[in-house]
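A structural walkthrough
These are the residues of each chain, in order.
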Amino acid sequence: MTTLGVVFRPQLPPERLRDMARAADAAGLEELWLWEDCFLESGIATAAAALAWTERLCVGVGLLPVPLRNAALTSMEAATLLRLFPGRIKLALGHGVQDWMGQVGARVESPLTLLREHLLATRALLGGERLTVEGRYVKLDGVALDWPPPAAPPVLAGARGPKSLRLSGEAADGTVLDASVPADGVRRARELIDEGRAEGGRTGPHPVVVYLHTATGPGAADRLRGELAGSRRESVSELGVAGDAGAVAKAVQRLVDAGADTVVLQPTADEPDPEGFVRFAAEEVRPLVP
């Protein structure tokens, strides 16, 4: 069964999160996803708040840029949330936007090496291991979590290029694709992920999460065109959907048919009614998605 989610975009002020999270919970939405984009809002702080304000909602953070973080700290934060809110948090790591990383003095020579080391260390620590590593970037000396989660959680990776997609297949437990990836791109991503899985001897499930530019209601098509134009993307039909629940459900299904397990609807930055958008996804789109 396809999982459906919605993004709380950090272009909204943090004080809007409570109403949107509670609307998602009340409407029965499965997942609310958050971003740790520079220099907007913290992924961990917003996730903790959203989880505390809701009862059943699953919260995904896609993604945490590892150049800003220490693997031990990320693991501590993840373990804390996993124990406080069992089964309700998903985390994805990524190498971050390199220009942003440069702005804060955290840009590294090999972002893929950094991401690999973080993924392996975080998965090991959350699995209850005591870890000593002397990597190029991650250096840990006898580190173990005193309060690991009861069961090792999946740790996802954000990926786009061929090398990062193969790395995700090899070293992560799932992959997050951004909204710049059309259905054909999802198929190709699956192939590259599978190449990495084969190389790493990985045989377990590897869910793929895909964001989808989505607009509905008055002015939807214009808002979507404006969003894509601002991102220097032209093909609205391939990279997004504007319309009613039926049109959105068909766009979701195209991504599912291409290999997505979870589709996260990404409203435009100027969405006039974020809470209404959540209700639209949960109450109108969800019943049309198998």
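Note that this is a predicted model, so its numbers are computed, not measured. (Residues numbered from 1 in each chain as written. Predicted model: local features only at pLDDT ≥ 70, side-chain atom pairs only at ≥ 80, totals over all residues. Heavy atoms only, no water.)

Observations regarding the packing of aromatic side chains
Worth spelling out the cut-off: Pairs were defined over the aromatic rings of Phe, Tyr and Trp, the Trp ring being its six-membered one, requiring ring centres within 6.5 Å. Orientation was assigned from the angle between planes: stacked under 30 degrees, edge-to-face over 60, tilted for the rest. Helix and strand assignments follow DSSP, with helices taken as H or I runs no shorter than four residues and strands as E runs no shorter than two, numbered in order from the N terminus. Buried residues are those whose accessible area, probed at 1.4 Å on protein chains only, stays under 20% of the maximum for their type, while exposed residues exceed 50% and partly exposed ones sit between those limits.
Counted by the stated rule, this structure contains 3 aromatic pairs. Centroid distance Trp 33 to Tyr 211: 6.4 Å. Interplanar angle 85 degrees. Geometry classified as edge-to-face. Of this pair, Trp 33 sits in strand 2 (residues 31-34) while Tyr 211 sits in strand 9 (residues 208-215); the two residues are 178 residues apart in sequence, bridging distant segments of the chain. Residue Tyr 211 is classed as buried on the basis of its relative accessible area of 4%. On the basis of an interplanar angle of 50 degrees and a centroid distance of 6.3 Å, the ring pair of Phe 277 and Phe 280 is categorised as tilted. Note that Phe 277 and Phe 280 are positioned in helix 11 (residues 274-285) at a spacing of 3 residues, about one turn of the helix. Given the relative accessible area of 7%, Phe 280 is considered buried. Grouping aromatic residues by their ring pairs yields a cluster made of Trp 33, Trp 35 and Tyr 211.

Some points on a nonpolar patch on the surface
Filter applied, for reference: Like charges are joined within 9 Å and nonpolar side chains (Val, Leu, Ile, Met, Phe, Trp, Tyr) within 5 Å, but only among residues with over 30% relative accessible area and no salt bridge; these make up the patches. Values of accessible area rely on a 1.4 Å probe in the Shrake-Rupley scheme; residue burial ignores everything except the protein chains shown. Any Lys or Arg side-chain nitrogen located within 4 Å of an Asp or Glu carboxyl oxygen qualifies as a salt bridge.
On the surface, Phe 39, Leu 68 and Val 104 cluster together into a nonpolar patch covering about 270 Å² of accessible area. One can find Leu 68 in the loop between strand 3 (58-65) and helix 3 (71-84).

Re the side chain of Asp 25
Definition in use: Polar contact criterion, stated in full: a pair of N or O atoms within 3.5 Å, where within protein one must be able to donate a hydrogen and the other to accept it, and residues adjacent in sequence count only if both atoms are side-chain atoms. Residues are treated as being in contact if the distance between any of their heavy atoms lies within 4.5 Å.
Tracing the backbone through its elements, the reader meets Asp 25 in helix 1 (residues 17-27). Here Asp 25 falls in the buried class, since its relative accessible area comes to 14%. In this structure the side chain of Asp 25 is engaged in a polar contact, spanning 2.8 Å, whose partner is the backbone nitrogen of Glu 55. Apart from the residues within four sequence positions on either side, Asp 25 is in contact with Thr 54, Glu 55, Arg 56 and Leu 57.

As for unusual backbone geometry
Geometrically, the link from Cys 38 to Phe 39 is a cis peptide bond, its omega value of -5 degrees lying close to zero. Leu 63 follows Gly 62 through a cis peptide bond whose omega is 25 degrees. Inspection of the secondary structure assignment puts Leu 63 in strand 3.

Details of helix 2 (residues 43-53)
Rules: Of all possible arcs, the one meant is that of the directions from the helix axis to the C-beta atoms.
Buried residues of helix 2: Gly 43, Ile 44, Thr 46, Ala 47, Ala 50 and Leu 51, and no others. For helix 2, the arc enclosing every buried residue in end-on projection is 165 degrees, short of the 170-degree limit, so these residues lie on one face. At its buried positions, helix 2 is contacted by helix 1, strand 2, strand 3, helix 3 and strand 4 (89-94). The N-capping residue of helix 2, defined by a side-chain oxygen 3.4 Å from the backbone nitrogen of Ile 44, is Ser 42.

Some points on the nonpolar core
The line we're drawing: Among buried residues, those of type Ala, Val, Leu, Ile, Met, Phe, Trp, Tyr and Cys that are joined through side-chain atoms within 4.5 Å constitute a nonpolar core.
In terms of nonpolar packing, the biggest core is built from 79 residues, with Ile 89, Val 252 and Leu 265 touching the most fellow members. Residue contributions to this core peak at 8 residues, all from helix 10 (residues 245-258). If near-sequence neighbours (up to four positions away) are discounted, Leu 265 is found in contact with Leu 4, Gly 5, Val 6, Val 7, Leu 212, Thr 214, Val 248, Val 252, Phe 277 and Ala 281. Val 7, Trp 35, Val 176 and Val 209 belong to the second largest nonpolar core, which has 10 residues in total.

Observations regarding the pairing of strand 3
For the record, the criterion: Whether two strands pair comes down to DSSP finding at least two bridges between them. Assignment of crossover handedness uses the view with strands pointing away from the viewer, where a clockwise path from the first strand over the helix to the second indicates a right-handed crossover.
Strand 3 sits mainly inside the fold: 7 of its 8 residues count as buried. Relative to strand 3, strand 2 runs parallel, the two being bridged by 4 bridges. Across the sheet, the residue bridging to Leu 32 is Val 59, located in strand 3. Bridge analysis of strand 3 against strand 4 gives 6 bridges, and the strand direction is parallel. Its bridge partner being in strand 4, Val 61 is matched across the sheet by Leu 91. Remark: the strand 3/helix 3/strand 4 crossover connection has right-handed handedness.

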